[in-house]
Amino acid sequence: MISEKISSKQVSDAKRMLSKAQSVAILTHMSPDGDALGSSLAMCHYLRTLGKEPVAVISPNRFPEFLNWLPGTEDILIYENSEQECNTIIASADLIICLDFNEEKRIGKVENALTGSPAKKLMIDHHLNPAAFPDLVISYPDSPSTAELVFRLICSMGDFNKISLPIAECIYTGMMTDTGNFSFNSNHIDTYNIIAELVGIGVDKDRIYNLVFNTYSADRMRLMGYCLYKKMKIYPEQHTALITLDRHELFRFNFTSGDAEGLVNLPLQIKDVYYSVFMREDKEKIKISFRSQGDRPVNEYASHYFNGGGHKNAAGGDNYETIEKAVKLFESTFKDYFNK
Ligand code: 5GP
Ligand code: MN
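Residues numbered from 1 in each chain as written. Chains lettered and ligands numbered in written order. Predicted model: local features only at pLDDT ≥ 70, side-chain atom pairs only at ≥ 80, totals over all residues. Heavy atoms only, no water.

Q: Give me the lowdown on the coordination of the manganese ion (ligand 2), citing residues and values where you can.
A: Coordination sphere of the manganese ion (ligand 2), protein contribution only: Asp 35 (OD), Asp 100 (OD), His 126 (NE2) and Asp 178 (OD), at 2.2 to 2.4 Å. Sequence spacing among the residues donating to the manganese ion (ligand 2) works out to D-x64-D-x25-H-x51-D. Taken together, the residues His 126 in the loop between strand E5 (120–125) and strand E6 (136–139) and Asp 178 in helix H6 (residues 165–178) connect sequence positions 52 residues apart. Accessibility expressed as a relative area gives 15% for Asp 178, which makes it buried. (Donors = N, O, S within 2.8 Å, 3.2 Å for Na, K, Ca; no water. Helix = DSSP H or I, 4+ residues; strand = E, 2+ residues; numbered from the N terminus. Buried < 20%, exposed > 50% of the residue type's maximum accessible area, 1.4 Å probe, protein only.)

What follows is the structure in structure tokens.
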């Protein structure tokens, strides 16, 4: 038995929005992860089942190779690569569905197209503080993943029987990746009842685990070894670890998108390390990830010092100076925040 989470008003409003729309654009956040792509593709397949046409999934930039196998990725439009085509689709859509992000800033350059479009807007998300721009916001920050919310919404609209194997695989992937294969944010019984339904539809969860987590390149494994052996700094009193990688180091290990995935989690395997920070030099900024365990929020710190935000135990942000300056800022500020 899965409890009702999405309010009946939200369900009926969403149902009405979907029934009125014919052309739909689905948007998700920059550097999309398994939940961003899983929830977007699940929604896309579902809408096509309902006869909506055209339905487009637009990602601001490239997605990591370990998600290439998800059903429907071949149709995803990358905004960076086809700006004009994406702008036209967004401007002429009846409905825009925003999945797995809470504010315009999270979709980078797609923001202008989104805010300028006359389309109705529906947001389904699990980050704190959703923005006010959508006509309907279905936001549940206590939901472990957006994919889980997509499953719930489809079921609450009475369409469980429309969940095909591709939809189920996309939903499962979002649920699995946003909980670190059910190792955090994953204590609610509903999550496992939903998994049971998905497995019943035919999801091979062992296969999906292998497709997502066991497909690293040798370079990526060596980069991981390098991070742990040469680059990990521990601050024992604050129970905190920091890893940084500059662009020369990334080049040395033939870095490609997705290679940094999971590196920030590694130091949390050390006894008495409860906070982990990872900084990586990107094209025009330093990208920073924060992770923590238990009741030790990192999102507030990310927002205060690094223009970011996110969840209590997994947040991100950026810095537009140098790695050295970002480290300095971190070292001069984190002790007051990371003090448990
Ligand atoms: P990651 O470290 O995997 O890039 O991000 C972890 C989480 O932090 C994401 O799920 C996302 O919610 C949040 N996050 C990452 N970068 C940003 C950012 O720049 N701004 C905000 N508000 N949240 C972010
Ligand atoms: Mn998510």
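Q: Outline the site of ligand 1, supporting the account with residue identities and numerical values.
A: Taken together, 14 residues sit near ligand 1, with His 127, Ser 289, Arg 291, Gly 309 and Gly 316 positioned nearest. A distance of 2.6 Å is found between an oxygen atom of ligand 1 and a side-chain nitrogen or oxygen belonging to His 127. Bound to the protein, ligand 1 loses 85% of the 500 Å² it would expose on its own. Where the shell around ligand 1 is concerned, the elements lending two or more residues are strand E10 (286–292), strand E11 (309–310) and strand E12 (314–319). Class assignment of the residues belonging to the shell around ligand 1 gives a composition of 2 nonpolar, 8 polar and 4 charged. (Near = heavy atom within 4 Å. Polar contact = N/O pair within 3.5 Å; in protein donor to acceptor, adjacent residues only side chain to side chain. Areas by Shrake-Rupley, 256 points an atom, 1.4 Å probe, with all protein chains shown as cover. Nonpolar A, V, L, I, M, F, W, Y, C, P; charged D, E, K, R; others polar.)

Q: Account for the side chain of His 126, naming residues and giving values.
A: For His 126, a relative accessible area of 2% corresponds to the buried category. Separated by 2.9 Å, the side chain of His 126 and the backbone oxygen of Ser 143 make a polar contact. Reaching out from His 126, the side chain makes a polar contact with the backbone oxygen of Pro 144 at a distance of 3.5 Å. Dropping the residues within four chain positions of it, His 126 is found in contact with Asp 35, Asp 100, Tyr 140, Pro 141, Ser 143, Pro 144, Ser 145, Thr 146, Leu 149, Asp 178 and His 311. (Contact = heavy atoms within 4.5 Å.)

Q: Residues and numbers for the pairing of E12, please.
A: Along E12, 5 of the 6 residues are buried, which leaves the element largely enclosed by surrounding structure. Relative to E12, E10 runs antiparallel, the two sharing 6 bridges. Residue pairing across strands places Ile 286 opposite Asn 319, the latter belonging to E12. Across 2 bridges, the pairing between E11 and E12 is antiparallel. Across the sheet, Gly 310 pairs through a bridge with Ala 315, a residue of E12. The turn joining E11 and E12, which pair antiparallel and follow one another in sequence, is formed by 3 residues. (Pairing = 2+ DSSP bridges.)

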